[in-house]
Amino acid sequence: MNYDYASLLDRAWANLPEELQDHSRFQMPEVDTLIEGNQTIITNFNEIVNALRRKPQHLLTFLSKELAAPATFDDKRAIVQRVLKKSMITKKVEDYAKIFVLCHECGRPDTKITELSGQRIIKCSACGGWWPLRKIK
Ligand SMILES: [Zn+2]
């Protein structure tokens, strides 16, 4: 038998109790953008932040660095000072989720930023796994 990685994952997934599967399903809202002049507006930024359960400023700083453009936000929207494709922003939001939200051990989104011996870490409340919080440079 020769399983590829994806089918192995599928099998592992299928073996999880249903309750866990429901709990772990991570629903990220689709990124909605709008170009205005030389700015790109992420119109549902607040929705994305809520789904990721992180501070708006943290995601914004990450996007600003990754997209190499200044960015600001109001209650609902983020404004990036550069014309960008929606797919580009979606990719960066997905990167953010992988680095800062989805558990590096079990892949679930039930994580939070906390501290361990004075070090900032991200800890998973589902499996107890944790990893150091990477600084956004
Ligand atoms: Zn975990």
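Anything mentioned here points back to the structure above.
Since this is a predicted model, take the numbers as computed values, not measurements.

Basis of the calculations
Residues numbered from 1 in each chain as written. Predicted model: local features only at pLDDT ≥ 70, side-chain atom pairs only at ≥ 80, totals over all residues. Helix = DSSP H or I, 4+ residues; strand = E, 2+ residues; numbered from the N terminus. Contact = placed C-beta atoms within 7 Å. Buried ≥ 20, exposed ≤ 12 C-beta atoms within 10 Å, placed from the backbone. Arc of directions from axis to C-beta. Pairing = 2+ DSSP bridges. Axes fitted to C-alpha atoms, helices over the stretch in contact; angles between N-to-C directions. Core = buried A, V, L, I, M, F, W, Y, C linked by C-beta atoms within 7 Å.

Caption draft 1: Representation of the environment of I89. With respect to the helices and strands, the residue I89 is situated in helix α5 (residues 86-101). Other than its neighbours up to four places away in sequence, I89 contacts V31, T33, I42 and L84.

Caption draft 2: Fine view of helix α4 (residues 56-66). If you check which residues of α4 are buried, you get L59, F62 and L63. Down the axis of α4, the buried set is contained in an arc of 95°. They therefore lie on one face. Considering only its buried residues, α4 is in contact with α3 (45-52), β3 (71-73), β4 (78-80) and α5. Trailing α4 by a residue or two, A68 shows a phi angle of about 50°, which is positive.

Caption draft 3: Fine view of the pairing of strand β1 (residues 33-36). Both β1 and strand β2 (residues 39-42) contribute to a ladder of four bridges, which runs antiparallel. Each residue of the ladder has a partner; that of T33, found in β2, is I42. Hairpin connection between β1 and β2: a loop of two residues separates the two successive antiparallel strands, and G37 in this loop has a positive phi of roughly 65°.

Caption draft 4: Inspection of the sheet that holds strand β5 (residues 111-116) at higher detail. The antiparallel open sheet is built from three strands, whose spatial order is β5-β6-β7. The open sheet has two free edges, formed respectively by β5 and β7 (130-132), since each of these has just one partner strand. Sheet twist, expressed as the mean angle between neighbouring strand axes with direction ignored, is 35°. In the sheet, β5 pairs with strand β6 (residues 119-124) via six bridges, with the strands oriented antiparallel. By the bridge assignment for β6, T111 is matched with C124.

Caption draft 5: Representation of the sheet that holds β4. Taken in spatial order, the four strands make up an open sheet running β1-β2-β4-β3, and their pairing is antiparallel. Edge positions in the open sheet fall to β1 and β3, since each of these has one partner strand only. When the angles between neighbouring strand axes are averaged without regard to direction, this sheet yields 20°. Across three bridges, the pairing between β2 and β4 is antiparallel. Counted as the bridge partner of T40 is V80 from β4.

Caption draft 6: Highlighting the nonpolar core. Counting 19 residues, the largest nonpolar core has I48 and L59 as its most contacted members. Those elements that place two or more of their residues in this core are α3, α4, β4 and α5. Discounting chain neighbours no more than four positions away, the residues touching L59 are V49, L52, R54 and Y96.

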